[in-house]
Amino acid sequence: MTRFLVVLTDVRPVEGEIRDERRAPERRRQVVGASSREAADRIAGAFMALGMVRAGRQRVKVIAVGRRHGPVSVGGD
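About the thresholds
Residues numbered from 1 in each chain as written. Predicted model: local features only at pLDDT ≥ 70, side-chain atom pairs only at ≥ 80, totals over all residues. Heavy atoms only, no water. Pairing = 2+ DSSP bridges. Helix = DSSP H or I, 4+ residues; strand = E, 2+ residues; numbered from the N terminus. Axes fitted to C-alpha atoms, helices over the stretch in contact; angles between N-to-C directions. Core = buried A, V, L, I, M, F, W, Y, C linked by side-chain atoms within 4.5 Å. Buried < 20%, exposed > 50% of the residue type's maximum accessible area, 1.4 Å probe, protein only. Contact = heavy atoms within 4.5 Å. Salt bridge = Lys/Arg side-chain N within 4 Å of Asp/Glu carboxyl O.

### Concerning the sheet that holds strand β3 (residues 58–65)
Pairing is antiparallel across the open sheet formed by 3 strands, whose spatial order is β2-β1-β3. Every interior strand has two partners, whereas the edge strands, β2 (28–34) and β3, have only one. This sheet shows a mean twist of 20 degrees between the axes of neighbouring strands, independent of strand direction. Relative to β2, strand β1 (residues 3–10) runs antiparallel, the two being bridged by 6 bridges. Within β2, the position partnered with T9 by the bridge is R28.

### Describing the nonpolar core
With 9 residues, the main nonpolar core is built from F4, V6, L8, A34, A39, A40, A44, F47 and V53. Residue assignment for this core shows that the elements contributing at least two residues are β1 and α1 (37–48). Element by element, the count of residues in this core is highest for α1, at 4 residues. Residues contacting L8, with those up to four places away along its chain left out, are R27, R28, R29, Q30, F47, L50, V53, Q58, R59 and V60.

### Details of the pairing of β1
Within β1, 6 of the 8 residues are buried, which leaves the element mostly enclosed by the surrounding structure. Where β1 and β3 come together, 8 bridges link them in antiparallel fashion. Bridging from a neighbouring strand, T9 pairs with R59 of β3.

### Looking at the pattern of salt bridges
A side chain with one charge can pair with a side chain of the opposite charge if their charged atoms come near. Under the criterion given, the structure shown has 4 salt bridges. Salt-bridge contacts for R59 lead to E26; the nearest nitrogen and oxygen are separated by 2.9 Å. Of this pair, R59 sits in strand β3 while E26 sits in the loop between β1 and β2, and the two are 33 residues apart along the sequence. Residue E26 is classed as buried on the basis of its relative accessible area of 5%.

### Considerations on the side chain of R12
Relative to the helices and strands, R12 resides in the loop between β1 and β2. R12 sits in the buried class, given a relative accessible area of 17%. Those residues in contact with R12, other than ones at most four positions away along the chain, are R19, D20, E21, A24, P25 and E26.

Listed below in structure tokens is the structure:
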């Protein structure tokens, strides 16, 4: 089953030509787990209403973690 993380981070200036989130990730302010994409989108929407996000000082990220394993289909007669 796929889970989602909704992450509220501080925006930092670009160092060099690109942002490298693996080497230098943005500082996390809040991390919330959600069990469905719909729930993650609702949480992200609430975060996006915050003044710091609207002012461009923080950003909201929705990250899928894990894999959803659907039903296995087996062919046969």
